[in-house]
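Coordinate analysis (summary)
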Amino acid sequence: MGERLKGVKAVVTGGAGAIGLATARAFLREGGSVFVADLDRGAVDEAVASLAPEAGAGVAEVAGGTADVRSPAEVRALMRDAASRLDGLNALINNAGANVRSLLVDYSEADIDLILDVNVKGVVLCSQAAVPLIRESGGGSITSTSSQAGRRGWDHSTVYGASKAAVVGLSRAMAVELAPEIRVNSICPGHVRDIGMAWRTFGQRKAETETMEAFGDAFAREHVPLKRLQTADDIAAGFVFLTSGEAREITGASLNIGGGVFMD
Ligand SMILES: NC(=O)c1ccc[n+]([C@@H]2O[C@H](COP(=O)([O-])OP(=O)(O)OC[C@H]3O[C@@H](n4cnc5c(N)ncnc54)[C@H](O)[C@@H]3O)[C@@H](O)[C@H]2O)c1
């Protein structure tokens, strides 16, 4: 067990999903305490139970709760609950996300609203609710999950790409507004191999291949300079770094973790 996040008390939204759960586990392994936040009570309980052995002998703590990141009241209650359970709050990982793949001309209004509300409004609402608590705890950091889709164009990803570009823009503006007490950064994952959004995306596109794994490998060979897809642990490592004291001079940054699939 490491100590890079000793004293960190973090909320991870989308904490029961692939990247969120890996991030919560990585935080606990580095001595940080974690509050797993997600939509579904059963999934949160399962995540907390699977993480409990990592929490160690009183060094770090793990707890969890539900909130829809689109609901200001639910998000405020969740952040207060987290700060009370962890005895403070000094890190927020805005990681909950939604996507519906569609051609621009076919997007339904409901899908447009879902993607923008979860991915953009959700980051704003969670940050609004967390900032006073982070300030009360003496400062800290906010790190949000953007995407390669926010940095380069992909077909069937216009609205999703716009929402993830907004996460980068929001993080930069928040970095200026919340300095010097709170550092704000974002991470742009490539395609994550673990079951999660990318996997479902491949599922929607895989008609021509026998397995999603084969589709993913073919995709990586063709598009990714490092010739592999990323894992949820690869993305979690970025969250650990940006939350840790090693990144104390880094704010307003957007970290690409995509094997070189995009570089700007
Ligand atoms: N998997 C990838 O390849 C990839 C690539 C780039 C970016 N991302 C981003 O990473 C983040 C995590 O994705 P993942 O791959 O782990 O997918 P995932 O589906 O496993 O996790 C997403 C989590 O967000 C939660 N969530 C969705 N809507 C919510 C809401 N309204 N309120 C609260 N929670 C909600 C879901 O319940 C789920 O647990 C997302 O923001 C996604 O856009 C993923």
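Here is a short report on the structure shown in this document. As the structure is a computational prediction, the values presented were derived from the model and not from experiment.

Counting secondary structure elements, the protein chain contains eight helices and seven strands. Its C-alpha atoms give the protein chain a radius of gyration of 18 Å, within 12% of the compact-globule value 18 Å for 264 residues. With the principal axes as the frame, the protein chain shows a C-alpha extent of 50 × 40 × 35 Å. The buried share of the protein chain, reckoned over its 264 residues, is 48%.

Strand order across the open sheet formed by seven strands is S3-S2-S1-S4-S5-S6-S7, with parallel pairing between neighbours. Every interior strand has two partners, whereas the edge strands, strand S3 (62–66) and strand S7 (254–257), have only one. Between one strand axis and the next, the sheet turns through 20° on average, direction left out of account. Direction of pairing for strand S1 (residues 9–13) relative to strand S4 (residues 91–94): parallel, over a ladder of three bridges. Residue pairing across strands places Val12 opposite Ile93, the latter belonging to S4. Across the sheet, helix H4 (residues 109–136) lies against S1, S4, strand S5 (140–145) and strand S6 (182–189), angled at about 175° from S4, the strand it touches most.

Moving on, we get to the nonpolar core. Generally speaking, soluble globular proteins have nonpolar side chains that are buried together. Ranked by internal contacts, the top residues of the largest apolar core, which has 71 residues, are Val11, Val36, Met79 and Ala130. Take this core: its biggest share by element is ten residues, from H4. Among all residues touching Ala130, those that are not within four sequence positions of it are Val11, Met79, Leu89, Leu92 and Ile142.

What counts and what doesn't
- Residues numbered from 1 in each chain as written.
- Predicted model: local features only at pLDDT ≥ 70, side-chain atom pairs only at ≥ 80, totals over all residues.
- Helix = DSSP H or I, 4+ residues; strand = E, 2+ residues; numbered from the N terminus.
- Rg over C-alpha atoms; globule rule 2.2 N^0.38 Å.
- Buried ≥ 20, exposed ≤ 12 C-beta atoms within 10 Å, placed from the backbone.
- Pairing = 2+ DSSP bridges.
- Axes fitted to C-alpha atoms, helices over the stretch in contact; angles between N-to-C directions.
- Contact = placed C-beta atoms within 7 Å.
- Core = buried A, V, L, I, M, F, W, Y, C linked by C-beta atoms within 7 Å.

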